[in-house]
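The lines below spell out each chain.
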Amino acid sequence: MTIEVPLLEAATNTQEPTDRRPNGPVTPTRSPRPSRRAGLGEWLGGVVRRPGLVLSVVWLVIVVLAALIPTLLTSVDPLRAVPRQKLLEPSWAHLFGTDQLGRDLFARVVHGAALSLGSALLAVLVGIVVGSLLGLVAGFVRGVFDEVLMRIVDVLLAIPALLLSLALVTALGFGTVKVAIAVGITSVAACARVMRSEVLRVRESAYIEAARAGGARWSRILFRHVLPNAAGPVLVLATLEFGTAILAVSALSFLGYGAVPPAPEWGSLVAQGRDFLSTAWWLTTMPGLTIAITVLAAGRLSRALGGQDGVRR
Amino acid sequence: MTSTAASRNLTTAPAVDGSGDRPSGPVLRIRGLTVQYRTRRGPVPAIQDVDLDIAAGETVALVGESGSGKTTTALAVTGLLATTAEITAGSIHWQGQDLLALGRRARRAVSGIGIGLVPQDPTVSLNPVKRIGDQVAEVLLIHKVARKAEAREIAVEALRSAGIDHPEVRARQFPHELSGGMRQRVLIAIALVGRPALLVADEPTSALDVTVQRQILDSISDLITEHHTGMLLVTHDLGVAADRADRVVVMTGGRIVEQGPTGQILSRPEHPYTRSLLEAAPSLRTSGIGSIRRRVGSSTTAPILHAEHLVKSFPAPGVGHHGIRAVDDVSFALHPGRTLGLVGESGSGKSTSARLALRLVEPTGGTVRFDGQDITGLSAGRLRVVRRRFQLVQQNPYASLNPRWSVAQLIGEPLRSYGESATVARERAVELLDLVGLPTDFEHRRPAELSGGQRQRIAIARALALRPDVVVLDEPVSALDVRVQAQILQLLVDLQDELGVAYLFISHDLAVIRQISDDVAVLRGGRVVETGSTEAVFTDPHHAYTRTLLEAIPGRGRV
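No experiment lies behind these values; they were computed from the predicted model shown.

A.B. asks: I'd like a rundown of the overall build of chain B, residues and numbers included.
C.D. replies: When you go through chain B residue by residue, the secondary structure sums to 20 helices and 20 strands. Its C-alpha atoms give chain B a radius of gyration of 26 Å, within 12% of the compact-globule value 24 Å for 559 residues. When its C-alpha atoms are laid out on the principal axes, chain B stretches across 80 × 55 × 40 Å. Looking at the 559 residues of chain B, the share that counts as buried comes to 55%. Of the contacts formed within chain B by residues at least 6 apart in sequence, a portion of 70% connects residues at least 24 apart.

So, in structure tokens, the structure goes:
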């Protein structure tokens with residue numbers, strides 16, 4: 001799965017902290033290490049200095065696990081209703097409590113991860129693939145195509161994202177895939193812009209001229225030279241967009257455009273819990289918190305990747 | 001307290017004129033200075049155990065290659081070291097005052113008024129939104145040595161003595177309205193307006209053309225002689241050091257390896273490193289590399305690359321509908337197996353001419369013939385066929401290699417572009433690595449793991465991958481240290497002997513051109529002002545501009 005790529009990168013990134021060390025006198029303990037690769041101590045140091053990032057990565061790994069193999073985290077069937085156990089508070093037996101039909105909320109959140117993350121991922125993919133391609137071509141060809149495309153992008157950026165998704169999903173119809181596409185289209189504009197600006201930077205590089213002088217065809221220059229060197233910031237943007245996409249997909253599901261009951265989905269879980277807000281707080285809070293933490297973790301990760309990218313440049 | 005001492009010194013400093021009131025002894029006295037940089041992998045020593053004295057009115061040149069620690073030394077003197085740098089041992093005395101013992105405020109007072117700094121790059125060292133007169137006067141205002149109106153007058157005077165024409169008018173201009181040389185003069189005015197006892201000039205002319213370089217160095221010399229100022233001249237160019245310094249200090253690997261009077265260092269260098277530097281310095285060499293080589297081509301055969309009346313204009317507002325003519329009627333002929341040098345200062349159109357000849361830029365007018373075939377109007381597909389036979393090596397080896405690729409991929413890239421298989425490309429890459437004098441196990445490395453000289457060798461290998469007849473070299477050595485420069489030039493000559501390839505060699509550096517070229521074309525303002533054999537142009541220049549260029553080569557008078 002594509003999502004694992006940034007995660008793996010992040011795990012290695014913890015060895016290479018971007019933060020500057022505080023400027024203090026050099027203590028003997030920091031004597032130069034003969035080995036060129038970062039040692040275990042260095043790695044642990046990185047973990048200690050950036051606990052937020054480590055926690056974010058750990059959380060995202062758990063969430064991805066929940067999406068891929070939900071039975072690893074819970075053996076309870078998310079659809080099995082036990083009327084006798086309805087609206088129970090969170091306890092060891094039911095970590096997140098139960099809902100009005102006596103279904104285990106933890107199991108529903110765990111099983112909902114696949115649907116929520118899946119739609120968010122699809123949304124990001126739609127945005128990034130379409131956006132990057134448009135940006136790539138616009139930045140490379142320039143001229144009228146670029147001008148026209150960028151004015152369309154201007155218009156897209158001017159419309160609030162959620163409003164645009166709402167309009168789109170109304171036109172497309174209901175269902176998680178359609179929600180994902182509607183959310184994805186809203187991020188096409190931003191991806192195209194970022195990709196275009198990177199392409200504009202890269203296409204002026206000396207090595208592009210060298211490739212041209214070396215007789216490379218334009219397609220080779222575009223896909224072998226420009227794209228790999230321009231993709232970095234777009235991938236960072238994608239991780240950032242992933243958080244936003246989870247939120248947007250959840251919002252649309254909350255409004256009832258997404259998953260069809262009884263399929264669990266984070267946004268619709270929050271929506272269904274709304275009716276019991278005064279008596280059963282956990283029904284909205286637990287899935288809500290899950291969404292919030294996942295969005296924050298994705299944001300923290302993308303910030304780290306962006307920083308790392310900045311260092312590499 | 002030290003700060004009161006400093007402030008007293010500060011108030012008297014501008015009044016001091018000449019050497020009379022200055023304390024005797026050296027203006028600057030560095031003893032055992034050791035600086036290290038803190039990095040993630042632990043401290044890295046930058047300079048070690050540096051001893052240096054500069055007497056009043058004396059110019060000391062600090063010479064070394066990149067990474068030798070010369071700039072770190074200069075920064076330590078000016079108090080501008082990066083926050084990650086740390087002085088672990090040694091002392092810096094300025095006029096008897098221990099700079100390292102001073103508090104931050106007192107140090108700042110010394111830095112602004114007592115020690116002037118001329119930075120390296122004039123294009124980025126001025127505040128773009130402030131008038132230059134105000135930027136000069138700012139020094140005086142910050143250190144409260146003059147009131148506003150008075151400071152403005154002093155600033156105008158300082159600009160005048162730094163060699164700026166109409167200083168009253170110029171003082172109200174912004175940096176973007178001035179040329180690079182003018183900006184450097186402004187920076188000199190800023191450095192000297194407080195009448196410092198010591199001037200630190202960090203590569204003050206490296207970013208400038210050779211004729212401008214000479215004027216700037218002349219005006220610095222005049223000013224410091226007039227005010228009996230000591231100068232620490234940091235430079236990589238031995239020619240500049242030879243022309244300007246009383247004493248030369250040679251640094252390498254963070255240590256001073258040799259110092260002494262300029263004449264002695266140049267004529268009787270003792271340290272092997274100094275000797276190798278002197279041998280490599282193009283302007284100080286008596287014989288060119290070319291003189292020891294076998295001539296492959298002759299000028300009687302038909303030219304392989306023939307440019308006729310090339311014109312390239314760029315649209316620009318306010319200069320009529322023809323725009324700016326970057327290249328204006330340039331013609332040249334390159335014969336097989338020979339080297340043609342295109343020489344000129346920045347803006348002379350030499351790079352654009354080369355790109356026109358390669359058809360990387362479309363000409364506005366004129367024709368380019370390659371091996372008798374007119375390639376000016378060829379379609380992209382037909383051009384690709386011809387393009388196999390002429391290749392390009394660019395100026396900056398740090399930018400010309402795709403950072404994501406391995407060395408083998410980079411060298412094999414032109415082969416892959418022409419449809420060769422990956423295996424063939426790899427085999428040829430290994431072969432070429434050997435040809436350009438790099439170990440063949442370099443094939444898996446990435447550009448970031450290589451030095452500048454190694455990268456340029458990779459770029460040359462890439463250009464030779466298709467066995468071209470012509471290689472266009474656009475300032476191939478100007479981003480490199482002088483010793484590496486000499487090695488690369490030698491490599492190019494050897495390759496020409498071996499492969500019979502013709503070079504179109506573009507450079508701003510006449511000394512380099514002289515070493516490598518058979519024929520020379522001198523460009524100015526987009527026009528060729530003089531052509532001929534290297535020997536003829538260098539010994540008997542006909543055009544006044546060529547003569548000016550030749551006279552401006554630093555270190556010409558000393559060998």
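Moving on from the coordinates now.
A.B. asks: Tell me what's going on with the UniProt feature "transmembrane region" (unreviewed entry) in chain A, and back it up with residues and numbers.
C.D. replies: Residue and element names in this part refer to chain A. In the numbering used here, UniProt assigns the "transmembrane region" (unreviewed entry) feature to residues 53–73, 120–141, 148–169, 234–260 and 280–298. Here residues 53–73 is 76% helix and 0% strand, with 23 Å between the C-alpha atoms at its ends. The span residues 120–141 is 100% helix and 0% strand, and its two end C-alpha atoms sit 31 Å from each other.

A.B. asks: With reference to specific residues and values, describe the UniProt feature "domain: ABC transmembrane type-1" (unreviewed entry) in chain A.
C.D. replies: On the UniProt side, "domain: ABC transmembrane type-1" (unreviewed entry) is annotated at positions that read residues 113–302 of chain A here. Structurally, residues 113–302 of chain A is divided into 84% helix and 0% strand, and its ends, taken at the C-alpha atoms, are 20 Å apart.

A.B. asks: Report on the sheet that holds strand S20 (residues 527–533) of chain B, specifying residues and quantitative values.
C.D. replies: The strands that make up a sheet pair up through hydrogen bonds in the backbone, lying either parallel or antiparallel. All names here are of chain B. Pairing is mixed in the open sheet, where six strands are placed in the order S16-S17-S18-S13-S19-S20. Bordering the open sheet on either side are strand S16 (390–393) and S20, each of which pairs with just one other strand. Along the sheet, successive strands turn relative to each other by an average axial angle of 15°, direction set aside. Note: S16 against strand S17 (residues 470–474), four bridges, orientation parallel. Across the sheet, Phe390 pairs through a bridge with Val470, a residue of S17. Along the sheet, helix H12 (residues 350–357) makes contact with strand S13 (339–343), S16, S17, strand S18 (502–507) and strand S19 (519–524), crossing S18 at roughly 150°. Contacts between helix H20 (residues 544–552) and the sheet are confined to S19 and S20, with S19 contributing the most and set at about 100° to the helix.

A.B. asks: Run through the packing of helix H4 (residues 105–141) of chain A against helix H5 (residues 143–158) of chain A, naming residues and quoting values.
C.D. replies: Residue and element names in this part refer to chain A. It is the contact of H4 with H5, at a shortest axis distance of 7 Å, that shows an interaxial angle of 135°. In terms of orientation, H4 and H5 fall into the oblique class. For the element pair H4 and H5, the recorded crossing hand is left-handed. In this structure, H4 contributes Leu134, Val137, Ala138 and Val141 to the contact, and H5 contributes Gly143, Phe145, Asp146, Leu149 and Met150. For the contact of H4 with H5, the per-class residue count stands at seven nonpolar, one polar and one charged.

A.B. asks: How would you sum up the nonpolar core? Please name residues and give values.
C.D. replies: Membership of the largest hydrophobic core comes to 54 residues, with the highest contact counts inside it found for Leu105, Val183, Val226, Phe242, Ile246 and Trp266 of chain A. Those elements giving two or more residues to this core turn out to be helix H3 (51–68), H4, helix H7 (176–203), helix H8 (206–213), helix H9 (218–254), helix H10 (266–273) and helix H11 (282–312) of chain A. Core analysis: the second largest hydrophobic core is formed by 53 residues, Val343, Leu401, Ala425 and Ile513 of chain B among them.

A.B. asks: Break down the packing of helix H7 (residues 180–192) of chain B against helix H8 (residues 210–227) of chain B for me, citing the residues and quoting the values.
C.D. replies: Residues and elements named next belong to chain B. Contact geometry of H7 with H8 gives a least axis separation of 10 Å together with a crossing angle of 15°. One way to sum up the angle between H7 and H8 is to call them roughly parallel. For the element pair H7 and H8, the recorded crossing hand is right-handed. Residues Gly181, Gln184, Arg185, Ile188 and Leu192 of H7 form the contact with H8, whose own contacting residues are Val212, Gln215, Ile216, Ser219, Ile220 and Leu223. Considered class by class, the residues forming the contact of H7 with H8 number six nonpolar, four polar and one charged.

A.B. asks: Could you give an account of the environment of Val63 of chain A, naming the residues involved and the relevant values?
C.D. replies: Residue and element names in this part refer to chain A. With respect to the secondary-structure elements, Val63 resides in helix H3. Judged by relative accessible area, which is 6%, Val63 ranks as buried. Along the sequence, Val63 and Thr294 sit 231 residues apart, while their C-alpha atoms lie 7.8 Å from each other. Once residues within four sequence positions are removed from consideration, Val63 is found in contact with Ala113, Leu117, Trp266 and Thr294.

A.B. asks: Let's hear about the side chain of Asp202 of chain B: which residues, and what values?
C.D. replies: Residues and elements named next belong to chain B. Take Asp202: it is sitting in strand S7 (residues 198–202). Although Asp202 lies buried, it forms no salt bridge, and the closest oppositely charged side chain, Lys70, sits 6.6 Å away as judged by the N-O distance. Ignoring sequence-local partners within four residues, the contact set of Asp202 consists of Thr71, Val118, Pro119, Gln120 and Val234.

A.B. asks: Outline a nonpolar patch on the surface, listing residues and values.
C.D. replies: Judged by side-chain polarity, Val58, Val61, Ile62, Leu65, Leu68, Ile69, Leu72 and Leu73 of chain A come together as a nonpolar surface patch covering roughly 630 Å² of accessible area. Tracing the chain through its elements places Leu65 of chain A in helix H3.

A.B. asks: Break down the sheet that holds strand S10 (residues 255–261) of chain B for me, citing the residues and quoting the values.
C.D. replies: All names here are of chain B. Ordered by their spatial adjacency, six strands build an open sheet running S6-S7-S8-S3-S9-S10, and the pairing between neighbours is mixed. Here the strands that pair on one side only, and so sit at the sheet edges, are strand S6 (115–118) and S10. Here the average twist between neighbouring strands, direction ignored, is 15°. Note that strand S9 (residues 247–252) and S10 share six bridges and pair antiparallel. Among the inter-strand pairings, Arg247 is bridged to a residue of S10, identified as Pro261.

A.B. asks: Now, about the packing of aromatic side chains: what can you tell me, with residues and values included?
C.D. replies: In total, this model carries four aromatic pairs over all chains according to the counting rule given. Both rings, one in Phe96 of chain A and one in Phe106 of chain A, keep their centres 5.1 Å apart while their planes meet at 85°; by these two values the pair is edge-to-face. Pair noted here: Phe96 of chain A is in the loop between H3 and H4 and Phe106 of chain A is in helix H4, with a separation of ten residues, a long-range link. Ring geometry for Phe370 of chain B against Phe390 of chain B: centres 4.9 Å apart, planes inclined by 55°, an arrangement best described as tilted. With a gap of 20 residues between them, Phe370 of chain B in strand S14 (residues 365–370) and Phe390 of chain B in strand S16 connect regions that are remote in the sequence.

A.B. asks: For the confidence of the model for chain A, give the residues involved together with the corresponding values.
C.D. replies: Mean pLDDT over chain A: 80, with 82% of residues reaching 70 or higher. Under a pLDDT of 50 for its full length, residues 309–313 of chain A has, in the predicted model, seven contacts with residues more than four places off or in other chains.

A.B. asks: An account of the pattern of salt bridges is needed here, citing residue identities and associated values.
C.D. replies: Applying the stated criterion to the full structure yields 32 salt bridges over all chains. Linking Arg369 of chain B and Glu308 of chain B is a salt bridge whose minimum nitrogen-to-oxygen distance equals 3.4 Å. With a gap of 61 residues between them, Arg369 of chain B in strand S14 and Glu308 of chain B in strand S11 (residues 305–314) connect regions that are remote in the sequence. A salt bridge links Asp474 of chain B to Arg355 of chain B; its shortest N-O distance comes to 2.8 Å. Taken together, the residues span a long stretch of sequence, with Asp474 of chain B in strand S17 and Arg355 of chain B in helix H12 at a distance of 119 residues. With respect to burial, Asp474 of chain B and Arg355 of chain B carry one shared label: buried. If you follow the salt bridges from partner to partner, you end up with Glu147, Arg151, Asp154 and Arg193 of chain A in one network.

What counts, and at which threshold
Residues numbered from 1 in each chain as written. Chains lettered and ligands numbered in written order. Predicted model: local features only at pLDDT ≥ 70, side-chain atom pairs only at ≥ 80, totals over all residues. Heavy atoms only, no water. Helix = DSSP H or I, 4+ residues; strand = E, 2+ residues; numbered from the N terminus. Rg over C-alpha atoms; globule rule 2.2 N^0.38 Å. Buried < 20%, exposed > 50% of the residue type's maximum accessible area, 1.4 Å probe, protein only. Contact = heavy atoms within 4.5 Å. UniProt positions renumbered as here; feature names shortened; annotations may be inferred. Pairing = 2+ DSSP bridges. Axes fitted to C-alpha atoms, helices over the stretch in contact; angles between N-to-C directions. Parallel < 35°, antiparallel > 145°, perpendicular 65-115°, else oblique. Left-handed = near helix turned anticlockwise from the far one by under 90°. Nonpolar A, V, L, I, M, F, W, Y, C, P; charged D, E, K, R; others polar. Core = buried A, V, L, I, M, F, W, Y, C linked by side-chain atoms within 4.5 Å. Lys, Arg positive; Asp, Glu negative; His and termini not counted. Salt bridge = Lys/Arg side-chain N within 4 Å of Asp/Glu carboxyl O. Patch = residues over 30% accessible without salt bridge, like charges linked within 9 Å, V, L, I, M, F, W, Y side chains within 5 Å. Areas by Shrake-Rupley, 256 points an atom, 1.4 Å probe, with all protein chains shown as cover. Phe/Tyr/Trp six-rings, centres within 6.5 Å; stacked < 30°, edge-to-face > 60°. pLDDT = per-residue confidence, 0-100.

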